[in-house]
Amino acid sequence: MSTYKLYYFNSRGRAEVSRLIFAAAGQKYEDIRYNQDEWPSHKTEMPLGQMPALEFNSTKLPQSKSIARFLAKQFHLAGRDNLEQAKVDAVIDTIDDLIPKLISIFFEQDETKKEELRKKYFDEELPKHFQNLNVLLKEFGNGGPFFVGNHLTWADLYFYDLSETLLGMNGNCLETYPRLKQNREEVEKQPKIAEYLNNRPKTPF
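Quick summary incoming for the structure in this document. (Residues numbered from 1 in each chain as written. Predicted model: local features only at pLDDT ≥ 70, side-chain atom pairs only at ≥ 80, totals over all residues. Heavy atoms only, no water.)

## Comments concerning unusual backbone geometry
Across the junction of M51 and P52, the peptide omega takes the value 10°, indicating a cis bond. By the secondary structure assignment, P52 is in the loop between β2 (30-34) and β3 (53-56). Positive phi outside glycine occurs at N57, with the angle close to 50°. By secondary structure assignment, the location of N57 is in the loop between β3 and β4 (59-62). Looking at N57, the relative accessible area reads 36%, which means it is partly exposed. Within the chain, N142 stands out as a residue other than glycine whose phi angle is a positive 55°. If you trace the backbone, N142 turns up in the loop between α5 (111-140) and α6 (154-169). With a relative accessible area of 57%, N142 lands in the exposed category. (Helix = DSSP H or I, 4+ residues; strand = E, 2+ residues; numbered from the N terminus. Buried < 20%, exposed > 50% of the residue type's maximum accessible area, 1.4 Å probe, protein only.)

Right, dumping it as structure tokens:
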């Protein structure tokens, strides 16, 4: 019997999409969460000295995207054939495009500059990426609410998690993108995901 252990901090961060995949699949796993003061004593246990890391049948796998993609393939959430998998990857890459300038907001120490960056991001940067995601949802979704093939994939889970962070910064950012908003709503309606979201630890990010 296969066993899974997911190592990360007590936050959503780079591990949450994998937790959502586990939830969608109904797969049991050990959700090992280290506090910041615990991490140094465990760092040498990880392949690259970083987290998240997934331990699968005694093999530890690093890198958040590699972990998520592996789990998605394990649980049939990566696309039903090679073309669908490529479409899912295209959505994932398009979501990734919006991250670099978002991260710069979090790292800005000056509060005035941080607010300027935040406003510019939501007014000018994010709409371009949301429009691109709208295009892919229309092109690949077969008329349904999910990004690829009118069925749940890890692309939907990845967007759900990242958009949660965005909504925490600007609660109205999806209001002019009804299809993307519907996508989030459909993810939340999945019974196993809804149960996980209701019971998971509450963390700020």
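Anyway, onward from the coordinates.
## Re the packing of aromatic side chains
On inspection of all chains with the given rule, the structure shows 14 aromatic pairs. When the centroid spacing of 6.1 Å and the interplanar angle of 70° are considered together, the rings of F130 and F159 count as edge-to-face. Of the two residues, F130 is situated in helix α5 and F159 in helix α6; the sequence distance between them amounts to 29 residues. Taking the relative accessible area as the measure of exposure, F130 reaches 0% and is therefore buried. The ring centre of Y7 lies 5.1 Å from the NZ or CZ of K60, which sits over that ring. When the ring centre of Y160 is taken as reference, the NZ or CZ atom of R184 above it lies at 4.0 Å. (Phe/Tyr/Trp six-rings, centres within 6.5 Å; stacked < 30°, edge-to-face > 60°. Lys NZ or Arg CZ within 6 Å of the ring centre and 35° of its normal.)

## Some thoughts on a nonpolar patch on the surface
Where nonpolar side chains cluster on the molecular surface, the patch consists of I103, F106 and F107 and spans about 320 Å² of accessible area. Within the secondary structure, F106 is located in helix α4 (residues 99-107). (Patch = residues over 30% accessible without salt bridge, like charges linked within 9 Å, V, L, I, M, F, W, Y side chains within 5 Å. Areas by Shrake-Rupley, 256 points an atom, 1.4 Å probe, with all protein chains shown as cover. Salt bridge = Lys/Arg side-chain N within 4 Å of Asp/Glu carboxyl O.)

## Quick notes on helix α7 (residues 178-189)
Note: α-helices contain 3.6 residues per turn, so residues at a spacing of three or four share the same orientation. Between the first and last C-alpha of α7 there are 16 Å, a value that for 12 residues agrees with the 16 Å anticipated at 1.5 Å per step. Buried residues of α7: L180, N183, R184, E186 and V187, and no others. In a view along the axis of α7, the buried residues occupy a sector of 160°, so they form one face of it. Of the exposed residues in α7, the ones pointing more than 90 degrees away from its buried face are P178 and K189. Looking at the buried side of α7, the elements it contacts are α5, α6 and α8 (191-199). (Expected span 1.5 Å × (residues − 1). Arc of directions from axis to C-beta. Contact = heavy atoms within 4.5 Å.)

## Some remarks on the nonpolar core
Judged by nonpolar contacts, the single largest core of 62 residues is most densely connected at I21 and F130. With 9 residues, α6 is the largest single contributor of residues to this core. Contacts of F130, omitting those with residues within four sequence positions, involve L98, F159, L166, C173, L174, Y177 and L180. (Core = buried A, V, L, I, M, F, W, Y, C linked by side-chain atoms within 4.5 Å.)

## A word on the environment of L174
One can find L174 in the loop between α6 and α7. Once residues lying within four places of it in the same chain are set aside, the contact partners of L174 are F130, F159, L167, L180, K181 and R184.

## Focus on the sheet that holds β2
Pairing is mixed across the open sheet formed by 4 strands, whose spatial order is β2-β1-β3-β4. Of all strands in the sheet, those with a lone pairing partner are β2 and β4, marking the two edges. Neighbour to neighbour, the strand axes of the sheet diverge by 20° on average, direction disregarded. Sheet topology places β3 next to β4; 4 bridges connect them, and they run antiparallel. Pairing of A53 across the sheet is with P62, part of β4. (Pairing = 2+ DSSP bridges. Axes fitted to C-alpha atoms, helices over the stretch in contact; angles between N-to-C directions.)

## Let's talk about the pairing of strand β1 (residues 4-9)
Within β1, 5 of the 6 residues are buried, leaving the element largely enclosed by the surrounding structure. Bridge analysis of β1 against β3 gives 4 bridges, and the strand direction is antiparallel. Within β3, the position partnered with K5 by the bridge is E55. For β1 and β2, the ladder comprises 5 bridges, and the chain directions are parallel. By the bridge assignment for β2, Y8 is matched with R33.

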